[in-house]
Structures are given as C-alpha cells and as structure tokens.
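# An overview of the molecular structure
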Amino acid sequence: MKQLIGYVDMNAYFASVEQQTNPALRGKPIAVAGRPNVSTGNVPRQSSFERSGAAPLRSSFERSVVTTASYEARAFGVKTAMSTREALARLPSLIIVPPDYGQYQAYTKRIAELATEFSPRVELCSIDELSLDLTHLVAPNDPAATIRQLRAFTITFKARLAATVGPFVTAS
C-alpha cells in the first residue's frame, strides 16, 4: 500500500498566536517584527511614524522585516518579508509586536502533541508546519471511503486544534 502523508500549515502563525494570547490584539492589524521580546509578558508596542511626520522608527524596528502579518493587516497590503518601514507607510495604524519565539515553540509543541493523537508518525517541517502519516485512513479499493475518512480527519483535527490552543490559531 502506498503511503498517504498529510501536511498541516498554520495560518499567519506568529500573528495568530499573538492574537490568541492577547485579546486586545484580536481583530486589529498587527505585524510581528523587530527584535525578539525576551520578557514573559509580550506587551504589544504600537510603532508608527510620529504623527508630526517623518521621524525615524524606534531602534527595535529599524531595518527589520515583517515576520508575519495578521489577516487584518494583509487586507491593507502588509505582507511577510516586507520592510517594517514600508508596512507602516502602507498602514500607519499597524501594531508592531516583537516576536516571542519561546511562546511560538510552546504552541508548536502542543500542536505536535495533538497531531500524535491522529497519526503514529508526525514530523515537524518547521515551527508552523508538520506532516502526518495518514496511511491508516486509506480504504483499499474504496476511494470514496478514503475521502470521507480524510474529510472527517480534517474536521476533527481543526476542532481539536481550536480546543487545544484556541480559535485564533488555525491551519490549512
């Protein structure tokens, strides 16, 4: 039997984790950028050009790039790998949140642990991607049953993901 490997990619992962852990950021355009936050309380810092005009960005955000942007920020053209300066020029109200990689790794660990409930073999591809061996869902000679099994897996995994890490961290 051929192997069936599923691929899970977390959506706007760092921004989603920030919105999950800080309700004040939910529904707002945010970008994760700048130097990592080494404190345990990831307090969002709103960085923008001074209201008076073209003052330079704070040193924490100078020459940095957007690691990820929330969907609210993406709607205004803010994209991953865009310079922070350009992102703020496109959206002056953009909230810049410094990255908290320890927090993202903790979420990744919880998501990987959840995945082991669905598959005997889980491999992390990156901090926001993993693959699962779903061969056990294949119904030999019955493609329709296999599709039903995969659909049920997808629905159940997404529901358990929301219950495990919260509704703002989603996957495709």
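Presented here is a report on the structure given in the accompanying data block.

What counts, and at which threshold
- Residues numbered from 1 in each chain as written.
- Predicted model: local features only at pLDDT ≥ 70, side-chain atom pairs only at ≥ 80, totals over all residues.
- Heavy atoms only, no water.
- Core = buried A, V, L, I, M, F, W, Y, C linked by side-chain atoms within 4.5 Å.
- Buried < 20%, exposed > 50% of the residue type's maximum accessible area, 1.4 Å probe, protein only.
- Helix = DSSP H or I, 4+ residues; strand = E, 2+ residues; numbered from the N terminus.
- 1 Å grid on protein atoms, 1.4 Å probe; cavity = no way out; pocket = protein on both sides within 12 Å on 5 of 7 lines; lining within 4 Å.
- Points joined across faces, edges and corners; volume = space filled by probe spheres on them.
- Nonpolar A, V, L, I, M, F, W, Y, C, P; charged D, E, K, R; others polar.
- Pairing = 2+ DSSP bridges.
- Axes fitted to C-alpha atoms, helices over the stretch in contact; angles between N-to-C directions.

### Observations regarding the nonpolar core
Among the nonpolar cores identified, the biggest contains 22 residues, and M10, Y13, I111, L132 and V169 are the most heavily contacted of them. Among the elements of the structure, α1 (13-21), α4 (101-115), β6 (129-133) and α5 (143-165) are those that each provide at least two residues to this core. Sorting elements by how many residues they give to this core places α4 first, with 5 residues.

### Details of empty space enclosed by the protein
Throughout the structure, instances matching the rule amount to 1 cavity of 30 Å³ or more. Quantified by volume, the largest cavity comes out at close to 40 Å³. Among the elements of the structure, α4 and β6 are those that each provide at least two residues to the lining of the largest cavity. Partitioned by chemical class, the residues of the lining of the largest cavity number 7 nonpolar, 1 polar and 2 charged.

### Brief notes about the sheet that holds β6
Ordered in space as β1-β6-β5, the 3 strands form an open sheet in which the pairing is antiparallel. Looking at which strands have only one partner, the edges of the open sheet turn out to be β1 (5-9) and β5 (122-126). Taking each pair of neighbouring strands and ignoring which way they run, the sheet shows an average axis angle of 25 degrees.

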